[in-house]
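# Structural characterization, general
Here's the letter readout for the chains.
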Amino acid sequence: MKKETICVHGGTYRDAATRGVNTPIFTSSSFEYLDRDDIPYPRYFNTPNQDAVVRKLCALEGAEDGVLFSSGMAAVSSAILAFAGAGDHVVMMDELYGGTHAFATDMFDRLGIRHTFAATDAAAVADAVTPRTKVIVIESPTNPLLGIIDIRRVAQIGRERGIVTILDNTFATPVNQCPLQLGIDVVVHSGTKYLGGHSDLSCGAALTSRPHASKIRAAARHLGGSLNAMMCYLLERSLKTLSLRVERQTANAARIAAYLSAHASVFRVNYPGQPDSPGHEIARSQMTGFGAMLSFELDERIVSAASFLRRLRIIRPAVSLGGVETLICAPAGTSHAKISPEERRRIGISDSLLRLSVGIEDADDLIADLDQAMEKA
Ligand SMILES: *Cc1c(COP(=O)(O)O)cnc(C)c1O
């Protein structure tokens, strides 16, 4: 089945009692145990509503098995801790999502896990590997500069040395990128973003092989972080429109990137779909679409970012991403506010850098909104 069909039909629970077309919401956290081995329980990650969503996500990512979580960070932390413990070493990209970055810097020492941050480059990741490395964690495209790493090469580094590779596929979604097909071992998601897609739901997922999923589930049973039946159903409903939403969002983003690139008040546009972007060729070889996240830098001599944000009428200045509505934020004041201005400059995040999460609205309306805010700012 193609992704569009999987989105609608994949994993749906066939309800023999009513023959309804939707998965029923099974509210029980308690199930009878006589004459059965596998007793469902929310924190065992095996309830019918969890299973239905996991089956759909597995089909979309090309995974054998997976675990559904109550947040993206529950997925990230459970997946890493399933494969790394005291005495082990983890290689991470320094452009990883802020929460994943902070998980390493705040908690790894206490757990006896060593880590090295590497640049967004497969050779840098290879250089950071030590004989004790058990896990490599990467992201592509990255936040907020939309950096691209060669996923096949990182997967190969992992496979040659017996290291588990984990890729956070939140930005691309399985509609635009399937990392397991490129050789990655474990895909994780903040489902709070595109999978949920309506900015009203917190969830996460890890999709992988059967043996790796068992290990992640075992770690997750200790750490908690399970998703309840109501939220599972909301996510399952959202996933039915995932490909429609992401395809529209991706098309809108390409148009907005072209508009911004041609604008005299814009210095630079970061979007892997732009033929002159540094990651374009690699992105083309590993993504089926370039996604709906982009960032751009205003020429502050012409347009002030602060007044630009206040003048937008449709596009809302808000954190998070991946919903049907277009959102904008200045990473220097949000996700990267705790980093010193010097360090921000070093990694390329200026005060006038704006990150856009493009929604499903009409592209002309969005461009008109950017345009009027640019004129008046
Ligand atoms: C938001 C995000 C996370 C964390 O997800 P939560 O649902 O907020 O816990 C992880 N990775 C990426 C790339 C994200 O954007």
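This structure is a prediction, so every number in the text was calculated from the model and none was measured.

### With respect to the site of the ligand
Around the ligand sit Ser71, Gly72, Met73, Tyr97, Glu139, Asp168, Thr170, Phe171, Ser190, Thr192, Lys193 and Cys203, and that is every residue in its neighbourhood. In this structure, Met73 approaches the ligand through a main-chain N or O atom, which is 2.8 Å from an oxygen atom. The separation between an oxygen atom of the ligand and a polar side-chain atom of Lys193 is 2.7 Å. Taking 380 Å² as the accessible area of the ligand by itself, protein coverage stands at 90%. Here the residues of the shell around the ligand sort into four nonpolar, five polar and three charged.

### Remarks on the packing of helix H2 (residues 48-61) against helix H9 (residues 229-239)
Running from N to C, H2 and H9 cross one another at 30°; their axes reach a closest spacing of 8 Å. The orientation of H2 with respect to H9, classified from their angle, is roughly parallel. When the axes of H2 and H9 are compared, the crossing they make is left-handed. When H2 is examined against H9, the residues Asn49, Gln50, Ala52, Val53, Lys56 and Leu57 are found in contact with a partner set consisting of Ala229, Cys232, Leu235, Glu236 and Leu239. Class assignment of the residues belonging to the contact of H2 with H9 gives a composition of seven nonpolar, two polar and two charged.

### Brief notes about the pairing of strand E6 (residues 186-190)
Of all five residues that make up E6, five are buried, and the element is covered over most of its length. Neither face of E6 is exposed, since Val186, Val188 and Ser190 on one face and Val187 and His189 on the opposite face are all buried. Sheet topology note: the strand E5 (residues 164-168)/E6 ladder contains three bridges and is parallel. Its bridge partner lying in E6, Ile166 is registered against Val186. Pairing geometry for E6 and strand E7 (residues 204-208), over four bridges, is antiparallel. Bridge pairing in E7 links Val187 to Leu207.

What counts, and where the lines are drawn
- Per-chain numbering applies: the sequence of each chain, read as written, is numbered from 1 onward.
- Reporting of local features is limited, given that this is a predicted model, to residues whose pLDDT is at least 70; pairs of side-chain atoms are given and counted only at 80 or more, and all residues count toward the totals for whole chains, interfaces and linings.
- Computation of side-chain values covers all heavy atoms of the structure but excludes hydrogens and water.
- Only a single heavy atom is needed: when it lies within 4 Å of a molecule or strand, its residue is near that molecule or strand.
- Any pair of nitrogen or oxygen atoms within 3.5 Å is treated as a polar contact; in protein, a donor-acceptor pairing is required on top of that, and neighbouring residues in sequence qualify only through side-chain atoms on both sides.
- Per-residue accessibility takes into account occlusion by the displayed protein chains alone, with areas from the Shrake-Rupley method and a 1.4 Å probe.
- Note on residue categories: nonpolar means Ala, Val, Leu, Ile, Met, Phe, Trp, Tyr, Cys or Pro, charged means Asp, Glu, Lys or Arg, and polar means any other residue, Gly included.
- Angles shown run from 0 to 180 degrees and are taken between the N-to-C directions of axes, each axis being a line fitted to C-alpha atoms and, for helices, limited to the stretch in contact.
- We count a stretch as a helix when DSSP gives it H or I for four or more residues in a row; a strand needs E for two or more, and each element gets its number in order from the N terminus.
- Here the word oblique covers every angle except those under 35 degrees (roughly parallel), over 145 (roughly antiparallel) and from 65 to 115 (roughly perpendicular).
- For any helix crossing, the convention is left-handed if the near helix is rotated counterclockwise from the far helix by under a right angle, and right-handed if that rotation is clockwise.
- We call two residues contacting when some pair of their heavy atoms lies within 4.5 Å.
- The cut-offs for exposure are 20% and 50% of the maximum accessible area for each residue type, with area from a 1.4 Å probe on protein chains only; residues under the lower value are buried, those over the upper are exposed, and the others partly exposed.
- Strand pairing follows a simple DSSP-based rule, namely that at least 2 bridges must link the two strands.

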